[in-house]
Amino acid sequence: MSKTKHWNLGIWDVRKKSEFWKELAKRKNANFKTIATVSKDLNRLELSFDYEKVQVIFTETDTKPLFIECNFSSDIGRTWFEISKTDFIEKLMSQFSKHKIKSTNKELSNKYLIKGTDNQMVREIINNKKIIEIILQENITFIGGEQGKNGTYKLSLNIHRNINSIEQLEAIYNLTITLIDRLKRKRNGY
């Protein structure tokens, strides 16, 4: 059996990405570390920083794709939303979804299922040209925001394995910052 590029049993060596993660951390004044298991067989990349009083953590491991978690220390309100890639079956099933919202961008609405609270904040996110452009360009898997416990708000992004350059990682960083700005501006009355 010939070995293909994608035959990896679900384990990817993220250490190859550490140089451009380190470069982004330097550019953005963020903390970067590579964490290995005791047996040194699995690795995790972690980039963390605070932006506008929001704690942001990027992680990617040998077994899990790029995941971003943003924890707001303040209450954003009852706003929740999910933007997720859809396949044919999900698209068909979404016709019966209660909280489905359409973007003014047809390509985004065709490729993604958008659910959430139909309010101004969510509409600003799903119709923002800059946000839509990065979602489509980088083929983002999932973005979601919801009210957490203890008056906090949590924004999560699940990307994928194909972020393989500083330019792509910086685009994801910019998307994250833009999402935080949108959520904070509504809260701050901008």
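Residues numbered from 1 in each chain as written. Predicted model: local features only at pLDDT ≥ 70, side-chain atom pairs only at ≥ 80, totals over all residues. Heavy atoms only, no water.

1. Here's the deal with the overall build of the protein chain
When its secondary structure is counted, the protein chain shows six helices and eight strands. Mapped from its N terminus to its C terminus, the protein chain presents α and β elements in the order α-β-β-β-β-β-α-α-β-α-α-β-β-α. Counting the 190 residues in the protein chain, one finds 44% classified as buried. Split by element, the accessible area of the protein chain, about 11,300 Å² in all, is 50% carbon and sulfur. (Helix = DSSP H or I, 4+ residues; strand = E, 2+ residues; numbered from the N terminus. Buried < 20%, exposed > 50% of the residue type's maximum accessible area, 1.4 Å probe, protein only. Areas by Shrake-Rupley, 256 points an atom, 1.4 Å probe, with all protein chains shown as cover.)

2. Description of the pattern of salt bridges
Inspection of every chain in the model, using the stated rule, returns 12 salt bridges. One salt bridge in this structure joins Lys-22 and Glu-19, with 3.5 Å as the shortest N-O distance. Residue Lys-22 and its partner Glu-19 are located together in helix H1 (residues 18-28), separated by three residues, close to a single helical turn. Take Glu-19: its relative accessible area is 54%, and that puts it in the exposed class. For Lys-28, the salt bridge identified is with Glu-170, shortest N-O distance 3.2 Å. (Salt bridge = Lys/Arg side-chain N within 4 Å of Asp/Glu carboxyl O.)

3. What to know about the pairing of strand E3 (residues 54-61)
Burial within E3 is extensive, with six of its eight residues counted as buried. The sheet contact formed by strand E2 (residues 43-51) and E3 spans eight bridges and is antiparallel. Looking at E3, one finds that Leu-45 is bridged to Glu-60. The turn linking E2 back onto E3 is made up of two residues, and Glu-52 within it adopts a positive phi angle of 50 degrees. In this sheet, strand E4 (residues 67-72) lies alongside E3 in antiparallel orientation, the contact comprising six bridges. Note on E4: the bridge partner recorded for Val-56 is Cys-70. What sits between the antiparallel neighbours E3 and E4 is a turn of five residues. (Pairing = 2+ DSSP bridges.)

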